[in-house]
Amino acid sequence: MTEGPRDCSIANAMEVIGERWSLLALREVFFGARRFDQIVRNTGASRDILTARLRKLVETGILEKRLYEEHPPRYEYVLTEAGHALNHVLLNLMAWGDRYVTEGPPPTVWRHACGEELAPETVCAHCREPVREKDMTLVRSSRRTRDS
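Residues numbered from 1 in each chain as written. Predicted model: local features only at pLDDT ≥ 70, side-chain atom pairs only at ≥ 80, totals over all residues. Heavy atoms only, no water.

A. A look at the pairing of strand 2 (residues 63–69). In terms of strand pairing, strand 2 meets strand 3 (residues 74–79) through six bridges, oriented antiparallel. In the sheet register, Glu64 faces strand 3, and the bridge partner there is Val78. The loop that links strand 2 with its antiparallel partner strand 3 comprises four residues. (Pairing = 2+ DSSP bridges. Helix = DSSP H or I, 4+ residues; strand = E, 2+ residues; numbered from the N terminus.)

B. Looking closely at the pattern of salt bridges. Counting across every chain of the model gives six salt bridges. Ionic pairing is found between Asp37 and Arg47, a salt bridge with its closest N-O pair at 3.1 Å. Here Arg47 lies in helix 4 (residues 47–59) and Asp37 lies in helix 3 (residues 36–43), a separation of ten residues in the sequence. We classify Asp37 as partly exposed; its relative accessible area is 43%. With relative accessibility at 46%, the residue Arg47 sits in the partly exposed group. The partner of Glu64 in a salt bridge is Arg66, and the shortest N-O contact between them spans 2.8 Å. According to the relative accessible area criterion, Glu64 is partly exposed, its value standing at 35%. Look at Arg66 and you get partly exposed, because its relative accessible area is 37%. (Salt bridge = Lys/Arg side-chain N within 4 Å of Asp/Glu carboxyl O. Buried < 20%, exposed > 50% of the residue type's maximum accessible area, 1.4 Å probe, protein only.)

C. Up close: helix 6 (residues 87–100). The end-to-end C-alpha separation of helix 6 is 20 Å, in line with the 20 Å expected for 14 residues at 1.5 Å each. Contact partners of the buried residues in helix 6: helix 2 (20–30). (Expected span 1.5 Å × (residues − 1). Contact = heavy atoms within 4.5 Å.)

D. Spatial organisation of the nonpolar core. Of all hydrophobic cores here, the largest spans 20 residues; its most connected members are Leu26, Ile39, Leu50, Leu54, Leu57, Leu63 and Tyr77. For this core, the secondary structure elements donating two or more residues are helix 2, helix 3, helix 4 and strand 3. Ranked by residue count, the leading element in this core is helix 2, at five residues. Among residues more than four places away in sequence, those in contact with Tyr77 are Val29, Arg34, Phe36, Ile39, Leu54, Val58, Leu63, Glu64 and Lys65. (Core = buried A, V, L, I, M, F, W, Y, C linked by side-chain atoms within 4.5 Å.)

E. Layout of the side chain of Thr80. Note on placement: Thr80 falls in the loop between strand 3 and helix 5 (81–85). Not counting residues within four places of it along the chain, the set of residues in contact with Thr80 comprises Gly61, Ile62, Leu63 and Glu64.

F. Just the UniProt feature "domain: HTH hxlR-type" (unreviewed entry) in the protein chain, in detail. In the numbering adopted here, UniProt assigns the feature "domain: HTH hxlR-type" (unreviewed entry) to residues 8–105. Helix makes up 61% of residues 8–105 and strand makes up 13%, while its end C-alpha atoms are separated by 34 Å. (UniProt positions renumbered as here; feature names shortened; annotations may be inferred.)

G. Fine view of helix 2. All of the buried residues along helix 2 are Trp21, Ser22, Leu24, Ala25, Leu26, Glu28 and Val29. On its buried face, helix 2 sits against helix 1 (9–17), helix 3, helix 4, strand 2, strand 3 and helix 6. By the N-cap criterion, in which a side-chain oxygen at the helix start approaches the backbone nitrogen of a residue two or three places on, helix 2 is capped by Glu19, the distance to Trp21 being 2.9 Å. (Polar contact = N/O pair within 3.5 Å; in protein donor to acceptor, adjacent residues only side chain to side chain.)

See the structure below:
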């Protein structure tokens, strides 16, 4: 047996959400667009690509498809618990894009309940201190094994 690629939750997550149209569809649902036509219009995705991405997000339990009209049958997309948990990921990805990719002022700004403009930050769940690379120590990193 030989060592294969690193077994990694980032790679596993990217298999589910790591495609542009999937992330943009999730952005739209977070923004309140739940219907297919709204998501198509706001993302610019082609209908067939968006259909495939939404199907995968439903199959993997990130979105739920709910009937909102019976005749003809029409559905909307609603975040599941797993979908809501991606909010932090999308906010941090947006903040990174605002800082390192987007020229000019950020195109989207959120206000926090405290009244200030939202500036997301990842903190340790135990001590509530900001997470910085210099404060992290790798404890475990697995590799898959392959038969030779």
